[in-house]
Amino acid sequence: MRARGTGVRRLELRAFGAPEVIRLVDDEAPPEPGPGEVRVRVEASSLAFTDTLIRRNLYPVLKLRLPLTPGYDFIGRIDSVGPGVARWRVGDRVADLIQTGGNTTHLVRPAATLVAVPQRLDATRAEPLVLSYLTAHQALFREAEAKRGDQVLVYGATGAVGMAALDLCRAFGLPAVGVASARRERIVNGLGAAFVAYDEPDSAGKLDRLARERKGFRVIIDAARGEALSSVTSRLAPDGRLVVLGFSAPFRDARRNGRQQPGLMARLGFAFDFLRIKWLASRPGTSRRISFYDIVQRRVRRPDDFRDDLTTLFGLLEDGRISPRVQTVFRLDEAVEAHRLIESGRVVGRLVLDLASPIGDGGGGVAYPRAESRKTAATALRDAVRG
């Protein structure tokens, strides 16, 4: 363990690859904000499946250059304000989605991109809203235009976005069916959703029957892409909408076969699937039926929606209407272990990186298990999964 520095502590990638490429580095001094910028002392940042794809340079919509600091988003408190900034003050709490750069104790951001975070929200509890919940919220209500009573089918139901989608369905009165591994039935049911196991016999037949009983699903959220596209779209209602937002199934299948990531043919397969969906989403005849959701591109097109929707989610959390599931909170020096855990497929919901607790401090938030308590947490999780 290196001596604790007085400047910035952050994670860095100098090569792409396995979790072990992550390095903990010290910078001598925090960066200074320029005109129109603020500096943020980060409290919490992402440890998500997306971050592992970036670490392996497998994220299909982002061109990456090394070295880089991972971290798709952050929540923190402003500790310095640059010239010309009128909206923010030192001490304000803010959030932003930045794709890379969030896994650091300090960072500088344009003041105009930040979203206010209520002062009383716990950062590690609120962090999943920035990427996971915002993705689910916009997929449901912006892309698919879901309304109370609409039937919803969610693939990848116990991943970060899938669980967020089911939580939001429960909050807004949307009857939902979740598709996940058989061992996670109790978790899906606990979110108020019906359940179908993708790894049990006749799972496709069960989904077809549920679709017929409901006269089709008004909304399908697909974070897995484990089934043929034609099979998925056949379960849509006549006015239904499929929103594709992830490709976790090839990685799940690779783990099952003892590999850390999909082989070449599997990667080419989901690249082709990705391009096909993008093409279908652009065609006049199918664009209202199929869309590929990209949180960053949508923000570029509709920045006000990003701010409004994230603000709405913070309000829902304050009011107790949603409840993000954070499995474990990790410190900076535990990031390698966190990435290994994500790639093992044993995460239900989300992990969060805690930047507020000093390295080596056994404290931290009391709401979630810290990494040093993971044996107890993992035992409890296995019991819940097995039901």
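Residues numbered from 1 in each chain as written. Predicted model: local features only at pLDDT ≥ 70, side-chain atom pairs only at ≥ 80, totals over all residues. Heavy atoms only, no water.

With that settled, the discussion passes to the side chain of E43. Assignment of secondary structure puts E43 in strand β3 (residues 37–47). Residue E43 is classed as buried on the basis of its relative accessible area of 16%. Excluding its chain neighbours within four sequence positions, the residues that come into contact with E43 are I75, G76, R77, R93, A123, L353, D354, L355 and A356. (Helix = DSSP H or I, 4+ residues; strand = E, 2+ residues; numbered from the N terminus. Buried < 20%, exposed > 50% of the residue type's maximum accessible area, 1.4 Å probe, protein only. Contact = heavy atoms within 4.5 Å.)

Further remarks concern the nonpolar core. The biggest cluster of nonpolar side chains holds 96 residues, and the ones touching the most others in it are L310, F314 and I322. Examining the composition of this core, we find that eight residues originate from one element, helix α4 (residues 160–172), more than from any other. Not counting residues within four places of it along the chain, the set of residues in contact with F314 comprises I75, A95, V115, A116, V117, P118, L121, A126 and L129. (Core = buried A, V, L, I, M, F, W, Y, C linked by side-chain atoms within 4.5 Å.)

Bringing the packing of helix α3 (residues 132–143) against helix α11 (residues 303–318) into the picture now. Contact pair α3 / α11: the axes reach a minimum separation of 10 Å and the direction vectors enclose 110°. Taken together, α3 and α11 sit at an angle that is classed as roughly perpendicular. Between α3 and α11 lies a crossing whose hand is right-handed. Here α3 contributes Y133, L134, H137, Q138 and R142 to the contact with α11, which in turn contributes D305, F306, D308, D309, L310, T312 and L313. (Axes fitted to C-alpha atoms, helices over the stretch in contact; angles between N-to-C directions. Parallel < 35°, antiparallel > 145°, perpendicular 65-115°, else oblique. Left-handed = near helix turned anticlockwise from the far one by under 90°.)

This brings us to helix α12 (residues 335–343). Buried within α12 are the following residues: A335, A338, H339, L341, I342 and E343. Backbone geometry just after α12 places G345 at a positive phi near 80°.

Before going further, it helps to examine the confidence of the model for the protein. Model confidence for the protein is summarised by a mean pLDDT of 87, while 80% of its residues fall at 70 or above. Overall, residues 1–5 carries pLDDT values under 50, and its contacts beyond four positions in sequence, including any with other chains, amount to twelve contacts. Across residues 372–387 the pLDDT falls below 50, and counting only partners more than four positions away or on other chains, this stretch makes 16 contacts in the model. (pLDDT = per-residue confidence, 0-100.)

All right, on to unusual backbone geometry then. Trans is the common state for peptide bonds, and a negative phi is the common state for residues other than glycine. Between L66 and the following residue, P67, the backbone shows a cis peptide bond with an omega angle of -5°. Note that P67 resides in the loop between α1 (49–55) and β4 (73–81). Of note, the phi angle at D202 is positive, near 60°, even though the residue is not glycine. The topology assignment puts D202 in the loop between β10 (194–197) and α6 (203–213). Residue D202 is classed as partly exposed on the basis of its relative accessible area, which comes to 46%.

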